[in-house]
Amino acid sequence: PPHIAVLSPNGGESRQRGTICEIAWDSFGSTGSYVRIELYKAGVLNFKIIGSTANDGAYEWLVPPDHPLGSGKNF
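Nothing here was measured: the structure is a model prediction, and the numbers come from that model.

*Asks:* Please clarify how the nonpolar core should be interpreted in this entry.
*Replies:* The nonpolar side chains of a soluble globular protein tend to be buried with one another. Counting residues in each nonpolar core, the largest one holds 11 residues, listed as Cys21, Ile23, Trp25, Val35, Ile37, Leu39, Ile49, Ile50, Tyr59, Trp61 and Val63. Secondary-structure elements contributing two or more residues to this core are strand E2 (20-28), strand E3 (34-41), strand E4 (44-54) and strand E5 (58-62). Every residue in contact with Ile49, bar those within four places of it in the chain, is listed here: Ile23, Ile37, Glu38, Leu39, Tyr59 and Trp61.

*Asks:* Explain the pattern of salt bridges to me, please; I cannot follow it from the model alone.
*Replies:* Side chains carrying opposite charge are able to pair once their charged atoms draw close together. Tallied over the full model, the rule gives 1 salt bridge. Between Arg36 and Glu38 there is a salt bridge, and its shortest N-O distance comes to 3.0 Å. Assessed through its relative accessible area of 55%, Arg36 is described here as exposed. Residue classification places Glu38 among the partly exposed positions, given a relative accessible area of 23%.

*Asks:* I would appreciate a short explanation of the sheet that holds E5 in the present structure.
*Replies:* Strand pairing within a sheet occurs via backbone hydrogen bonds; the two strands may be parallel or antiparallel. Read from one edge to the other, the open sheet built from 3 strands follows the order E1-E2-E5, with strand pairing classed as antiparallel. Edge positions in the sheet fall to strand E1 (3-8) and E5, since each has one partner strand and no second. Across the sheet, the mean angle from the axis of one strand to that of its neighbour is 30°, orientation sign disregarded. As judged from the 5 bridges shared by E2 and E5, these two strands associate in the antiparallel manner. Paired with Glu22 across the bridge in E5 is Glu60.

*Asks:* How should I be thinking about the environment of Val35 in this particular structure?
*Replies:* By secondary structure assignment, the location of Val35 is in strand E3. Sequence spacing of Val35 and Ile50 is 15 residues, and the spatial spacing of their C-alpha atoms is 8.6 Å. Residue contacts for Val35: discarding those within four places in its chain leaves Ile4, Trp25, Gly51, Ser52, Thr53, Ala54 and Asn55.

*Asks:* I tried to follow the side chain of Asn55 on my own but got confused; where do I start?
*Replies:* Inspection of the secondary structure puts Asn55 in the loop between E4 and E5. Separated by 2.7 Å, the side chains of Asn55 and Ser27 make a polar contact. A polar atom in the side chain of Asn55 sits 2.9 Å from the backbone oxygen of Gly32. The contact partners of Asn55, leaving out residues within four places of it in the chain, are Trp25, Ser27, Thr31, Gly32, Ser33, Tyr34 and Val35.

Rules behind the numbers
Residues numbered from 1 in each chain as written. Predicted model: local features only at pLDDT ≥ 70, side-chain atom pairs only at ≥ 80, totals over all residues. Heavy atoms only, no water. Core = buried A, V, L, I, M, F, W, Y, C linked by side-chain atoms within 4.5 Å. Buried < 20%, exposed > 50% of the residue type's maximum accessible area, 1.4 Å probe, protein only. Helix = DSSP H or I, 4+ residues; strand = E, 2+ residues; numbered from the N terminus. Contact = heavy atoms within 4.5 Å. Salt bridge = Lys/Arg side-chain N within 4 Å of Asp/Glu carboxyl O. Pairing = 2+ DSSP bridges. Axes fitted to C-alpha atoms, helices over the stretch in contact; angles between N-to-C directions. Polar contact = N/O pair within 3.5 Å; in protein donor to acceptor, adjacent residues only side chain to side chain.

By themselves these figures say nothing about function.
Listed below in structure tokens is the structure:
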């Protein structure tokens, strides 16, 4: 079946507010031309990174300077 595998970040990373976070993935099958990228913490939606971006395997996210601090492993 179609699916997307996240390559990075892949867990346990720390990011500084105001810096770029490279998000990378591989798509398998007919996953569509666009993807939505969301940040989950403990299985709960924490932040919508972008509602739609090209399904090209990479997105550079500028971590907002005012993004709440956290210590979860689901980045």
